[in-house]
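# Examining the three-dimensional arrangement
If you want the building blocks of each chain, they are given just below.
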Amino acid sequence: MQKVKDRVIKIKFNADIGASMRWNFKPQQTEIRVVPGETALAFYSAKNPTDHPVVGISTYNVIPFEAGAYFNKIQCFCFEEQQLNPHEEVDLPVFFYIDPDFIEDPKMELVDSITLSYTFFESKDGVNIQMPVYAKQHG
C-alpha cells in the first residue's frame, strides 16, 4: 500500500455515552494527522467510577459519512462487550488507516478532516447494536 504524502488528513476523535451508561469515556488525543495509506494508532480511555462491574458495548460512526468507506480499522474495541470492574480504567486502542483510493474519489476532493466518533452503551440483555453499513462492507 502506497502512502500519499501530499494529502494530509486531520482525524478528529469524539466520545459519547448512552443515557444509562455510567462510565467516563474520552479520547486520549483530540486529533492526529495522517496520510492515506499510513497506519495510525489512537487511544480512548474508559473508566467505571461505580462500585459494581459494568459491561459496555460501543458503536462508531465516521463523519463525513461518505468517508466511512475509506476508513479501515485494523483493530478496534467496537461491537465487543467490555467489562470494567469497580473503579477500573482501561486504554482502548484503535489501529486504522485511510484507504489510498480516498484521493481518487471526487466526493473526497475537499475533505481534509474526518471525525471518528464512538458511543458506549451499557450492555444489557436484549440490546441489539446495529453496525454501520460501511463497517459491514469492510469487516
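Residues numbered from 1 in each chain as written. Predicted model: local features only at pLDDT ≥ 70, side-chain atom pairs only at ≥ 80, totals over all residues. Heavy atoms only, no water.

Inclusion rule: UniProt positions are given in the numbering used here, feature names are shortened, and annotations may be inferred rather than shown by experiment.
The name an unreviewed UniProt entry gives the protein chain is Cytochrome c oxidase assembly protein COX11, mitochondrial, with Anopheles melas as the organism. Check the Subunit (unreviewed entry) section of the UniProt entry for the protein chain; it says "Interacts with CNNM4/ACDP4. Interacts with RANBP2." We quote the UniProt Subcellular location (unreviewed entry) comment for the protein chain here in full: "Mitochondrion inner membrane".

## What to know about the nonpolar core
Inclusion rule: We define the nonpolar core as a collection of buried residues of types Ala, Val, Leu, Ile, Met, Phe, Trp, Tyr and Cys that are connected through side-chain atoms lying within 4.5 Å of one another. Using a 1.4 Å probe on the protein chains alone, a residue whose accessible area is under 20% of its type maximum counts as buried, one over 50% counts as exposed, and one in between counts as partly exposed. Think of it this way: any DSSP run of H or I at least four residues long counts as a helix, any run of E at least two long counts as a strand, and we number them from the N terminus. When checking whether two residues touch, look at their non-hydrogen atoms; a contact exists if any pair is within 4.5 Å.
By size, the foremost hydrophobic cluster in this structure holds 33 residues, and its most contacted members are Tyr44, Ile114 and Tyr118. Counting only elements with at least two residues in this core, the list comes to strand S1 (9-17), strand S4 (39-47), strand S5 (54-63), strand S8 (89-98) and strand S9 (113-122). With sequence-adjacent residues up to four places away left out, Ile114 is seen in contact with Ile9, Lys10, Ile11, Lys12, Val62, Ile63, Pro64, Ala67, Phe71, Ile98 and Phe102.

## Things to note about the sheet that holds strand S2 (residues 24-27)
Put simply, the test is: When DSSP finds two or more bridges between two strands, those strands count as paired. Between N-to-C directions, angles cover 0 to 180 degrees, with each direction set by a line fitted to C-alpha atoms, over the stretch in contact for helices.
As summarised here, the arrangement of the four strands in space is S2-S4-S8-S6, forming an open sheet in which the pairing is antiparallel. Whereas interior strands pair on both sides, the edge strands pair on one side only; in this sheet they are S2 and strand S6 (71-75). This sheet shows a mean twist of 30 degrees between the axes of neighbouring strands, independent of strand direction. As paired strands, S2 and S4 are joined by four bridges and run antiparallel to one another. Directly across from Asn24, in S4, lies its bridge partner Lys47.

## With respect to the sheet that holds S1
Spatial strand order, S3-S1-S9-S5-S7: five strands in an open sheet with mixed pairing. Either end of the sheet is taken by a strand with one partner, and the two such strands are strand S3 (31-34) and strand S7 (82-84). On average, each strand axis in the sheet is tilted by 30 degrees relative to the strand beside it, whichever way the strands run. Of the pairings in the sheet, the one linking S1 to S9 comprises eight bridges and is parallel in character. Bridge pairing in S9 links Asp16 to Thr119.

## Structural notes on the pattern of salt bridges
Side chains that differ in charge, positive against negative, can pair when their charged atoms come close. Worth spelling out the cut-off: Here, a salt bridge means any side-chain nitrogen of Lys or Arg that lies within 4 Å of a carboxyl oxygen of Asp or Glu.
Applying the stated criterion across every chain yields a total of two salt bridges. Two residues, Glu122 and Arg22, come together in a salt bridge whose shortest N-O distance is 3.1 Å. Of this pair, Glu122 sits in strand S9 while Arg22 sits in the loop between S1 and S2, placing them 100 residues apart in sequence. Among the residues examined, Glu122 registers a relative accessible area of 15% and is labelled buried.

## Structural notes on the environment of Thr119
By the element assignment, Thr119 lies in strand S9. Along the chain, Thr119 and Cys78 lie 41 residues apart, while their C-alpha atoms are 9.1 Å from each other. Discounting chain neighbours no more than four positions away, the residues touching Thr119 are Asp16, Ile17, Gly18, Ile57, Ser58 and Thr59.

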